[in-house]
Every structure is written in C-alpha cells, then in structure tokens.
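Here are the chains, one letter per residue:
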Amino acid sequence: MYIERLVFRDFRNYEMLDFYPGKGLNILVGDNAQGKSNLLEGIYILATTKSLRASREQELIRVGQEYGTVAAEVVREKREDVSVEVIFRPPQKGIRINTVRRQRVSDLVGEVNTVFFGLEDIDIIRGEPALRRRFLNLEISQISPQYCYQLACYKRVVEQRNRLLRDLRESRDNPASLAPWDEQLTLYGAFIIERRQEFLERIDKIARSIHSALTGDMEVYQSAYQPSFPLGGARTMVGIRELFTEKLRTLRREEIERGMSLIGPHRDDIAFQIDRMDVRLYGSRGQQRTTALSLKLAEFLLIEETMQEAPVLLLDDVLSELDDRRRNQIFEFSENRCQTFITCTHLRSFQDNVLREASVFDVQQGRVRAA
Ligand SMILES: Nc1ncnc2c1ncn2[C@@H]1O[C@H](COP(=O)(O)OP(=O)(O)OP(=O)(O)O)[C@@H](O)[C@H]1O
Ligand SMILES: [Mg+2]
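Just so you know, the residues in each chain are numbered from 1, in the order the chain's sequence is written. Each chain is given a letter, starting from A, and each ligand a number, starting from 1, according to the order in which they appear as written. Residue-level local features of this predicted model are given only where pLDDT is at least 70; pairs of side-chain atoms are given and counted only at 80 or more, and the full residue set underlies all totals for whole chains, interfaces and linings. Side-chain metrics rest on all non-hydrogen atoms present in the structure, leaving aside hydrogens and water.

**Student:** Just to check I follow, could you spell out the side chain of Gln 339 for this structure?
**Tutor:** Mapping Gln 339 onto the fold places it in the loop between helix 9 (324-334) and strand 13 (340-344). Under the scheme applied here, a residue whose accessible area is under 20% of the maximum for its type counts as buried, over 50% as exposed, and between as partly exposed, the area being computed with a 1.4 Å probe on protein chains only. Gln 339 gets classed as buried once you look at its relative accessible area, which sits at 1%. A polar atom in the side chain of Gln 339 sits 2.8 Å from the backbone oxygen of Gly 22. Two residues qualify as a contact provided that any one of their heavy atoms is within 4.5 Å of a heavy atom in the partner residue. In this structure Gln 339 touches Met 1, Tyr 2, Ile 3, Pro 21, Gly 22, Lys 23, Gly 24, Asn 26, Pro 311, Val 312 and Leu 313, once residues within four positions along its chain are discounted. What counts as a helix is a DSSP run of H or I of at least four residues, what counts as a strand is a run of E of at least two, and both are numbered from the N terminus. Polar contacts, as counted here, are pairs of nitrogen or oxygen atoms within 3.5 Å of one another; within protein the pair requires one atom able to donate a hydrogen and one able to accept it, and residues that are adjacent in sequence qualify only if both atoms are side-chain atoms.

Written as structure tokens, this is what we have:
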C-alpha cells in the first residue's frame, strides 16, 4: 500500500499541507524543528489513531487553533483504496473512513498499516516493561482489531477490579463479590495472552534472521515472552484461562492486602537477548539500537505476511546512528518493496544510486517542497 496524498490542517506546525509523496523512497530533508518528524507522526496517527509522542492530544493541534486534522488517500493492493481522516477537537477525537463518519475510533485501526522506527525505539529494548507492553498493544492492534477491542475491555476490568480490591481491604467483606470480575479478567486476559504469545513467537523467528543479516552473522538474537505467571505450555485461550483462574485463587489474600490486580497482561514483559546475554543490561548502545531495528523490521515482515501487503515504512532520524552496513541493509530491505519515508538533516548519508531513485523533499517551517 502507499499514501497517494497526505493532507494536514492545523496539525502540529502545519497550517495546511497537501502533499503527494512518491511510491517508493521519500527523503524528507531539513534543519531541526521544521516539521519532519511531525509529518511522520501524522502518518502514524492515520494507522493507529494514536501519537507515539504526544502525552495530550491538544499538543497535536496547531497552537492557537481549536481543532486539527490529518487525512490521507491510500492506494491498496489487496483491498479497495481508502481515504482516512482523524479529527482532533479535544476532548473529542473523530474519524472518517471514505468520508463517512464512524462512531468507534478503533474502526480506523488496520485500514492503513505502518511501521515506525525512530531514535526513541531503543527504549523498547532498554526502557521499562510498560514500553514493551505498549509496543505489543500497538502492533498487535494493527493486525487484529479484535485485540484492540478486547484490550480496552481488559483495561476497564482491571481498573474496576482494583477499586473493588481496595474496598475489600477497607471493609473486610466477603471476597465472593470478586467472582464476576475474575470471570471477566481471565476472559479478556487469556485472549490477550494467547495473542501476545503467538505474535512474539512469530516475531522472534523473523527477527532472528534479520538480526543475523544486519550483523553479518556475528550476533544471535533471541526474544521471549515473559508472562506474569507461568503458562506451563498452555497455548489455547481455554488452557490459559484455567491457569489464570487458578493462580488468582492462590493470590486472593495478597491481592486484597495490596489492593491491586497482581497478575495478567498488564504485568507482562518481553526478554531480549543477544548471544544469550540480556541486551537490556549488557548490550552496547549500538547493539540495543540494532536489536530495536531487527524487531521493527520483523514487525514489518509480519504485517506484510498477515495483510498480504507491505506496510508504509517510517524512519525518523535513524541513519545518523547506524553504521554503513546497517544503513545499506535498510535501503536494500525497503527497495522495491514498500513506500518509505525517511527524515534527515542533510543528504550526505545517502549514496548516489539511492538518491537517484528517491523522491527528495525539503521541509521548512511546516512546508514541504520537492527538492
Ligand atoms: N501544536 C503545535 N503547534 C505549533 N507548532 C508545533 C506544535 N507542535 C510542535 N510544533 C513545532 O514543530 C516543530 C518541531 O517539529 P518536528 O519535531 O517535526 O521537527 P523536525 O523537523 O523533526 O526536527 P529535528 O531535526 O530536530 O528532529 C517545533 O518547532 C515545534 O515548536
Ligand atoms: Mg525530528
């Protein structure tokens, strides 16, 4: 798939953008603070409805304006072409698909697929577990709208169950009132665990071979799901739910004492190893960066395999931190395969043959011009 036309209104530092990118490699070049990352962010929002950077949606609207929109016309191979739009008017967020307004914002997820790789992604490897869970949630949602929905239900249940646990701690009432919440927690939870397990197994296989290509067979990549309680080989939702229920029973008293839900997908993690060493603790910065890259390219291939069509690849500022070998691997990877947007502050990092094939655009103060 590729973005044929991208339109922003009062989004970040763009007053009005009407941009027709190329089908292949698009290089966005410009000084700092001109709007290069903002442009990639807008595309990412069209795929996920969420920003990777903004903590509040108000930040996405051009300062001084009441609302902002991002929209795109997208050409797809396996499905009908589609136009998508996200309108931010805090506290509201609206979406349109083929100009028709939809009630559920999550309906948009999966219409456009993208993989984003930026400097921040190193934090998936070395940051807190919450960042790895966010990675899982965003990426699995892209290929499974059902996951997105069940996750929202799960989060609601955890909140309500935590409230009840705190009430029980204060009142010392009969904990039998937990039963319906346990039912729901394990129902949604088991679904999420099953999907995460399957996703991580697939991604692990793919990332291993990508990582060995990126490092010229010098390093062995391994990643593993670390659920919050042992799954003991359980693979189906039914089996996982049984274990989950059983484990909750043994934790009942402790959960009430601490007033929170102690196990479940909200406590999951992923372990990454290079040459059998924990990359989070022992990896060099370059190793952590390459591990993140392997993971993201694996995700790309997984989406491509699942959707039968290559997603749009967004590379923010990553060339400067990679060596020549890895840089060339990225170009080889994306060449003739997908639409790519890559941001940089100068064109020195590109070889002539890459520049010849690419569409190059200058980004300056929220305007994009063919270079
Ligand atoms: N809501 C907003 N309204 C107006 N301007 C904004 C808004 N949000 C961000 N900006 C401006 O956008 C600019 C940053 O854009 P962006 O992050 O895309 O820069 P960049 O071109 O990627 O730069 P760098 O090379 O430093 O990464 C900043 O000058 C910032 O002030
Ligand atoms: Mg930037």
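That covers the picture; the talk isn't over yet.
**Student:** Please explain unusual backbone geometry as it appears in this structure.
**Tutor:** Negative phi values dominate among residues other than glycine, just as trans dominates among peptide bonds. The peptide bond linking Pro 90 to Pro 91 adopts the cis configuration, its omega dihedral lying at 5°. Looking at the element boundaries, Pro 91 is found in the loop between strand 5 (82-89) and strand 6 (92-97). In this structure, Arg 12 takes a positive phi of about 50° despite not being glycine. Examined against the element boundaries, Arg 12 turns out to sit in the loop between strand 1 (2-11) and strand 2 (14-19).

**Student:** How should I be thinking about the pairing of strand 5 in this particular structure?
**Tutor:** Every regular strand shows the same layout, with side chains that alternate between the two sheet faces. Across the eight residues that make up strand 5, a large majority, six, are buried. The pairing criterion is simple: DSSP has to find at least two bridges between the two strands. Looking at chain direction, strand 4 (residues 68-75) and strand 5 are connected through seven bridges and run antiparallel. Of the residues in strand 5, the one forming a bridge with Glu 73 is Ser 83. Between the end of strand 4 and the start of strand 5, which pair antiparallel, lie six residues. Between strand 5 and the antiparallel strand that follows it, strand 6, lie two residues.

**Student:** Please explain the pattern of salt bridges as it appears in this structure.
**Tutor:** When the charged atoms of two side chains lie near each other, side chains of opposite charge can form a pair. What makes a salt bridge here is a side-chain nitrogen of Lys or Arg within 4 Å of a carboxyl oxygen of Asp or Glu, nothing more. Counting across every chain of the model gives 31 salt bridges. A salt bridge links Glu 41 to Arg 12, with the nearest nitrogen and oxygen atoms 2.7 Å apart. Separated by 29 residues along the polypeptide, Glu 41 in helix 1 (residues 36-48) and Arg 12 in the loop between strand 1 and strand 2 bring together distant segments of the chain. Assessed through its relative accessible area of 4%, Glu 41 is described here as buried. The network of salt bridges with common partners includes Arg 161, Asp 182, Arg 252 and Glu 255.

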